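Here are the chains, one letter per residue:
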There are 2 protein chains.
Amino acid sequence: MGEFELINRYFASAHCAVHGEGEGVALGIGDDCALLDLPPGEQLAVSTDTLVAGVHFPAVCDPKLLGQRCLAVAVSDLAAMGATAIGFTLALTLPDVSHDWLEEFSAGLSRMAHRCRMSLIGGDTTRGPLSITVTVFGRVPTGQALRRTGAQPGDLLYVGGSLGKAAGALPLVLGQRQAPPAVAAPLLAHYWAPMPQLTLGALLRGHATAALDISDGLLADCGHIAKASGVALEVNLAQVPVSPEVEAFLGREAAVQAALAGGDDYILAFTAPPDALTHLAHFGFIQVYPIGRVLQGQGVSLRDAHGQDITPRQRGYQHFREIP
Amino acid sequence: MGEFELINRYFASAHCAVHGEGEGVALGIGDDCALLDLPPGEQLAVSTDTLVAGVHFPAVCDPKLLGQRCLAVAVSDLAAMGATAIGFTLALTLPDVSHDWLEEFSAGLSRMAHRCRMSLIGGDTTRGPLSITVTVFGRVPTGQALRRTGAQPGDLLYVGGSLGKAAGALPLVLGQRQAPPAVAAPLLAHYWAPMPQLTLGALLRGHATAALDISDGLLADCGHIAKASGVALEVNLAQVPVSPEVEAFLGREAAVQAALAGGDDYILAFTAPPDALTHLAHFGFIQVYPIGRVLQGQGVSLRDAHGQDITPRQRGYQHFREIP
């Protein structure tokens, strides 16, 4: 079976399930390129993410969950820019062609595409060690994208949800530990299908001064904002929303560690002047947490309830990380 | 060394060497997404290609040449749509971090980016078996992209250059044969740095009725046009421009085989009404070759000088091909 047949057969569903060649997609799969239209006054936002078997996910895993996760991880970068999702390309490298695997994988991909209201617009299928590269496309009003560079002393620091679920889920994902379904289910769901915070990102446009999605761990990612904006960030541990599910599963200390340094949460972290986010109160389903503030200086510090500096040396995991 | 440092250090040159954040690139590497601007009345063209070590290129090869080739192969799809190149993202999976390898690879990438007048706008670096996914972005006036679907009975069939060089170069690339430098150099140059026919593609807008770039082999790719357009294509063997370099190296029969069925040439094949291409005469450096015609019906046939049907059964190589 050739490349085109593969792509057409298994991934047409991810394409059609959403809005076909509507809304920004002028030409989808099947020609040399896909074609996208941008409304006047908007810019295209682009991001690429690769997931490699044995590095970013266990070599043996549910292909449906993997399909959800590989798209969600990439779309989270669109959310972090305040962009609206349009479409994505998929470069899929497979050791062999398993019809069952492709069916499941494309079902998961399609499900996440549907949730993010975006279409598969093209791709490439090659033989090799299992690896998935997703490139996502979104649109954002010109000049309104949320960058990492605008944090100002006096701003507050926020996160868009509780933290640590993905790191807390790892022992379950790797089969190292077991937990009752009530504990395991929400953690596994967050790990395999983190929901990109597209709505929150869009609502932050024109209000937040800097934003990103937490993929390397809260403190490490706050370091990226601090460096890009040329400011210092102070995180108050008592305000950090630690996942209660992880606390129930692994205990307080490990849950705090997961919230501060665990990667893969794909929750937004952002800065905004005090009172800049009052409009969010109109959206009852959106909840954000102030966790610190922006100061003159550089770097990230962590403070306890008494204002004591308790900054750990290891702030997150860098790339080239291995799943043990 | 972390992901961002890697990307910034080694690939900044590919970014800066060209036109930085000018011409369509509003925001390059370093934030969650890159941002592209599109002039009013233009569409964005997007294509993704993956090259895997041991499948699409020898596992041991010159990283500078590999850098050139992985970008050229992807950009060729922009040429085939008649698009002007803007930028690209790079997803690079590496077994380990070798500074020498990255220096050389980025130098090759930068060179091809410069030749195509485009910028690296983002990427992802991961650990794993060597694999490269490039996603390219171009712009094309709305509605003028060259698709595969418009070939009409009565049109002529053309190619944009001599064929078979990449397949003819394979024995040299794989070290299976040797040749004098005068023979080897142009073949290896074409294999490792095929020059995407961006200028020809742009000049065909509004004149050609269908187009693609030859990656699977002439006859196989003509089959793609025939199928997409719902027509038959007839190729006259006597008119096919067989690479004289390959003929000198491998003899007439093997050279013809390489021209008809060899992949990876990245020369444009296109259809146009008779006399539709007279404007190309003003561009002395552009040479195109009529090689056949479009008829009612379906499929691709090959004719000898006497009009005899000599269509081979095997029309090219499909994907999932292995370099032996």
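Residues numbered from 1 in each chain as written. Chains lettered and ligands numbered in written order. Predicted model: local features only at pLDDT ≥ 70, side-chain atom pairs only at ≥ 80, totals over all residues. Heavy atoms only, no water.

A.B. asks: Which parts of the structure should I look at to understand the overall build of chain A?
C.D. replies: Within chain A, the regular secondary structure consists of nine helices and twelve strands. Residues classed as buried in chain A amount to 60% of the 324 residues present. Pairs at least 24 residues apart make up 85% of the contacts formed inside chain A by residues separated by at least 6 positions. As displayed, chain A has an accessible area near 12,000 Å², and 51% of this comes from carbon and sulfur atoms. (Helix = DSSP H or I, 4+ residues; strand = E, 2+ residues; numbered from the N terminus. Buried < 20%, exposed > 50% of the residue type's maximum accessible area, 1.4 Å probe, protein only. Contact = heavy atoms within 4.5 Å. Areas by Shrake-Rupley, 256 points an atom, 1.4 Å probe, with all protein chains shown as cover.)

A.B. asks: Got a minute to help me understand the UniProt feature "binding site: Mg(2+) 2" (unreviewed entry) in chain A in this structure?
C.D. replies: Residues and elements named next belong to chain A. Using the residue numbers shown here, the UniProt feature "binding site: Mg(2+) 2" (unreviewed entry) corresponds to Asp-49 and Asp-77. In sequence the annotated residues extend across 29 residues, while in space they remain close, none of their C-alpha pairs exceeding 9.3 Å. Locating Asp-49 in the fold gives a position in strand 3 (residues 42-52). By secondary structure assignment, the location of Asp-77 is in helix 2 (residues 63-81). (UniProt positions renumbered as here; feature names shortened; annotations may be inferred.)

A.B. asks: Can you walk me through the pattern of salt bridges in this structure?
C.D. replies: Working definition: two side chains of opposite charge can pair if their charged atoms are close together. Scanning the model with the defined rule gives 16 salt bridges over all chains in all. Residue Arg148(A) pairs with Asp31(B) through a salt bridge whose shortest N-O separation is 3.6 Å. With Arg148(A) in the loop between strand 6 (131-141) and strand 7 (156-159) and Asp31(B) in the loop between strand 1 (25-27) and strand 2 (34-36), the pair connects residues from two separate chains. Across the pair, exposure class does not vary: Arg148(A) and Asp31(B) are buried alike. The shortest N-O distance in the salt bridge between Arg252(B) and Glu247(B) comes to 3.2 Å. For Arg252(B), a relative accessible area of 44% puts it in the partly exposed group. The partly exposed category is assigned to Glu247(B), whose relative accessible area is 30%. Linked through salt bridges whose partners overlap, the residues forming this network are Asp31(A), Asp32(A), Arg147(B) and Arg148(B). (Salt bridge = Lys/Arg side-chain N within 4 Å of Asp/Glu carboxyl O.)

A.B. asks: Just checking my understanding: could you explain the nonpolar core for this structure?
C.D. replies: In this structure, Leu71(A), Leu78(A), Phe105(A), Met118(A), Leu218(A), Val235(A) and Phe270(A) are the most contacted members of the largest nonpolar core, which totals 96 residues. For this core, the element with the most residues is helix 2 of chain A, which contributes ten residues. Apart from residues no more than four positions distant in its own chain, Phe270(A) is found in contact with Leu156(A), Leu157(A), Tyr158(A), Val159(A), Gly160(A), Leu200(A), Leu204(A), Ala208(A), Ala210(A), Ala211(A), Leu277(A) and Val288(A). Of all hydrophobic cores here, the second largest spans 95 residues; its members include Ala80(B), Phe105(B), Met112(B) and Leu187(B). (Core = buried A, V, L, I, M, F, W, Y, C linked by side-chain atoms within 4.5 Å.)

A.B. asks: For this particular structure, what's the right way to read unusual backbone geometry?
C.D. replies: Generally, phi is negative for residues other than glycine and the peptide bonds are trans, each holding for most cases. All names here are of chain A. In this model, Asp-264 sits at a positive phi of 70°, which is unusual for a non-glycine residue. The topology assignment puts Asp-264 in the loop between helix 9 (252-261) and strand 10 (268-272). On the basis of relative accessible area, Asp-264 is assigned to the buried category, the value being 8%. The backbone of Asp-275 shows a phi angle near 70°, a positive value even though the residue is not glycine. Secondary-structure assignment places Asp-275 in the loop between strand 10 and strand 11 (289-295).

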